[in-house]
Amino acid sequence: MLEASSDSLESWRDEFPILHRSTYMISNSLGAMPRGVALSLAEYAETWATRGVRAWEERWWEMAGEVGNRVAAIIGASAGSVSMHDNVTTAQMVALSCLKPEGRRRKIVCSAADFPSMIRLYRAQEALGVEVHVVSAGDALNVTEEHLVDAIDEDTLIVAFSHVLFRTSFIVDPRPVIERARRVGALTMLDVYQSAGIVPFGVSELDIDFATGGCLKWLCGGPGNGFLYTRPELLRTVRPRFTGWLALSRPFAFDIDDDMLREDGMRMMNGTPPIPTYYAAIPGLDIIGQVGVGPIREKSRRMTARLLDLVDRRGWQTPTARDPERVAGTVAIDIPDALPASRELQAREVVVDYRPRVGIRVSPHFYNTFDELDRVVQALADVVEAREFGEVTSSRVT
Ligand SMILES: Cc1ncc(COP(=O)(O)O)c(C=O)c1O
């Protein structure tokens, strides 16, 4: 196939062992592990074994910043503006802990299409006098930038919204939302978990106040690597209530009255960081940095277009947007019995996932081939046909 043979990104396939045993199409959920992770984690073990406590001073204390700078290069942030956290929920809590509802300004505007963990977190802040306004689009799955803009007013403290919606992979244009928020004096926080590494953007250029994401998905960096970008001007003034000794300029003074905070991303950190997860994240971040999000997006657009074409030819339903400018990395296929069908595919080493309301999500990354797209669709057609005739035997099908 022309696309496959002319595709230089396929040369990266050897870096990802799972691609040799599975048709791996689930990078919206967990990106494939780079081969280099095993070496990197061995380096961690060797450092601990041989350098012991000296490792803190030699590398580990500042390692969150080191990893944060790799993330920063990918999301268009300046060096020193990204802190690392266990996950996005924690990262967003750190950002929210910088805010205080005052007077009329106490509204968090978010969307029903945001990841549910975020909405839980926002609603939990109601105990502090915050009001949560969840924008919905009725029966529609996608909450657009227009819907969000309409909900922002002088009472808005912060607008917290997703760049790419996790269910449908719909791309929200953040610019009008940020513009409107600025005009009324509200802050903005963008969840870039489903866009970082697959859709090009720059947080500095967008002039967003906070951005959160993780390295688990399209960045191939494994769990435990949530990140928080904070606009550098804010890093000089915000004082998170969710804080700790890493945020201090002189943590080793152990002086409970010394309140001087750092002015880089470390200001947003709190306790002792999970060093092994940083070692695990570096190979993936380095690969994505080398490949470049521009070429990744170019191939991703061709892959999602191809998938949509194959889905149409089978006569299957899809909630995925038809405007290629609006589709990030995933195509959803909404067939009856999508959940058991997705499990049967996994049992056959065709690794995809399922979400209620949208069906099976197929998420190719730069390391996948166009032949693999054909294979996924053919495998699904086989499963659908087998189910119709009651021949699916996998014990995981319920
Ligand atoms: C857009 C988005 N935000 C957040 C999360 C998860 O957040 P956390 O890292 O807190 O589990 C996901 C997970 O799939 C997601 O897709």
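Residues numbered from 1 in each chain as written. Predicted model: local features only at pLDDT ≥ 70, side-chain atom pairs only at ≥ 80, totals over all residues.

### Some points on the sheet that holds strand 6 (residues 187-191)
Strand order in the open sheet formed by seven strands is 2-8-7-6-5-3-4, with mixed pairing between adjacent strands. If you trace the sheet from one side to the other, it starts and ends with strand 2 (82-85) and strand 4 (131-135), each paired once. Between one strand axis and the next, the sheet turns through 20° on average, direction left out of account. Across three bridges, the pairing between strand 6 and strand 7 (residues 210-214) is parallel. When the sheet's bridge partners are listed, Leu-190 is paired in strand 7 with Ala-211. Packed on one face of the sheet, helix 5 (residues 88-96) meets strand 2, strand 6, strand 7 and strand 8 (226-230) and runs near 25° to strand 8. Strands strand 3 (107-111), strand 4, strand 5 (156-162) and strand 6 of the sheet are contacted by helix 6 (residues 116-124), whose axis makes an angle of about 165° with strand 3. (Pairing = 2+ DSSP bridges. Helix = DSSP H or I, 4+ residues; strand = E, 2+ residues; numbered from the N terminus. Axes fitted to C-alpha atoms, helices over the stretch in contact; angles between N-to-C directions. Contact = placed C-beta atoms within 7 Å.)

### Quick look at the packing of helix 4 (residues 63-75) against helix 11 (residues 275-291)
Closest axis-to-axis distance for the helix 4/helix 11 pair is 10 Å, and the angle between their directions is 25°. Taken as axis vectors, helix 4 and helix 11 run roughly parallel relative to one another. When the axes of helix 4 and helix 11 are compared, the crossing they make is left-handed. Contacts between helix 4 and helix 11 pair Met-63, Ala-64, Val-67, Arg-70, Val-71, Ala-73 and Ile-74 from the former with Ile-275, Tyr-278, Ala-281, Ile-282, Leu-285, Asp-286, Ile-288 and Gly-289 from the latter. A class-by-class count of the residues in the contact of helix 4 with helix 11 yields 12 nonpolar, one polar and two charged. (Parallel < 35°, antiparallel > 145°, perpendicular 65-115°, else oblique. Left-handed = near helix turned anticlockwise from the far one by under 90°. Nonpolar A, V, L, I, M, F, W, Y, C, P; charged D, E, K, R; others polar.)

### Quick look at the site of the ligand
Taken together, Asn-87, Val-88, Thr-89, Phe-115, Ser-117, Ser-162, Phe-166, Asp-191, Tyr-193, Gln-194, Gly-214 and Gly-226 make up the full set of residues adjacent to the ligand. Class assignment for the residues of the shell around the ligand results in four nonpolar, seven polar and one charged. (Near = placed C-beta within 6 Å.)

### Structural notes on the domain arrangement of the protein
Here the protein is partitioned into domain 1 (2-30 + 292-388) and domain 2 (37-290). Using only C-alpha atoms to locate each centre, domain 1 and domain 2 end up separated by 28 Å. Taken together, the 25 residues of domain 1 in the interface contact 18 residues of domain 2. Sort the elements by how many residues they give to the side of domain 1 that touches domain 2 and helix 12 (residues 293-314) lands first, with five residues. The residue makeup of the side of domain 1 that touches domain 2, split by class, is 10 nonpolar, nine polar and six charged. (Domains from an automatic or database assignment.)

### Observations regarding the sheet that holds strand 12 (residues 359-362)
Taken together, the three strands give an open sheet; going across it, the order is 9-12-11, and neighbouring strands pair in antiparallel fashion. Each having just a single partner strand, strand 9 (331-333) and strand 11 (353-355) make up the two edges of the open sheet. Each adjacent strand pair in this sheet contributes to an overall mean axis angle of 35°, direction not counted. Sheet topology note: the strand 11/strand 12 ladder contains three bridges and is antiparallel. Across the sheet, the residue bridging to Arg-355 is Gly-359, located in strand 12.

### Describing the environment of Ala-211
Structurally, the position occupied by Ala-211 is in strand 7. Classification of Ala-211 as buried rests on a count of 31 C-beta atoms within 10 Å. In this structure the C-alpha to C-alpha distance between Ala-211 and Phe-161, which are 50 residues apart in sequence, comes to 9.6 Å. Excluding residues that lie within four positions of it along the chain, Ala-211 makes contacts with Ile-75, Leu-190, Val-192, Val-203 and Tyr-229. (Buried ≥ 20, exposed ≤ 12 C-beta atoms within 10 Å, placed from the backbone.)

### Notes on the pairing of strand 4
Where a strand is regular, its side chains alternate between the two sheet faces. As defined by bridge partners, strand 3 adjoins strand 4 across five bridges and the pair is classed as parallel. The partner of Val-109 across the bridge, within strand 4, is His-133. Following the backbone out of strand 3, through helix 6 and into the adjacent parallel strand 4, one traces a crossover that is right-handed. (Right-handed = clockwise from strand over helix to strand, strands pointing away.)

### Focus: the packing of helix 2 (residues 36-51) against helix 11
Two numbers describe how helix 2 lies on helix 11: the axes approach to 8 Å, and their chain directions differ by 145°. Of the two elements, helix 2 crosses helix 11, and the hand of that crossing is right-handed. When helix 2 is examined against helix 11, the residues Gly-36, Val-37, Ser-40, Leu-41, Glu-43 and Tyr-44 are found in contact with a partner set consisting of Ile-275, Pro-276, Tyr-279, Ala-280, Ile-282 and Pro-283.

### Here we look at the confidence of the model for the protein
Looking at the protein as a whole, the pLDDT averages 95, with 96% of positions reaching at least 70. A low-confidence stretch, residues 394-398 (pLDDT under 50), is modelled with 10 contacts involving residues beyond four sequence positions or located in other chains. (pLDDT = per-residue confidence, 0-100.)

### Focus on the nonpolar core
If you look at the biggest cluster of nonpolar residues, it comprises 114 residues, and the most contacted ones within it are Ile-75, Ile-158, Val-159, Ala-160, Leu-228, Tyr-229 and Val-352. Considering each element in turn, this core owes the most residues, eight residues, to helix 11. Inspection of this core shows a minimum of three residues originating in each of domain 1 (2-30 + 292-388) and domain 2 (37-290). Apart from residues no more than four positions distant in its own chain, Ile-75 is found in contact with Val-192, Ala-196, Val-203, Ala-211 and Tyr-229. (Core = buried A, V, L, I, M, F, W, Y, C linked by C-beta atoms within 7 Å.)

### Topic: the pairing of strand 8
With five of five residues buried, strand 8 lies mostly within the body of the structure. Of the two faces of strand 8, the one lined by Gly-226, Leu-228 and Thr-230 and the one lined by Phe-227 and Tyr-229 are each fully buried. Pairing of strand 2 with strand 8, which is carried by four bridges, proceeds in the antiparallel orientation. Bridged to Met-84 within strand 8 is Phe-227. Taken together, the five bridges between strand 7 and strand 8 define a ladder with antiparallel strand orientation.

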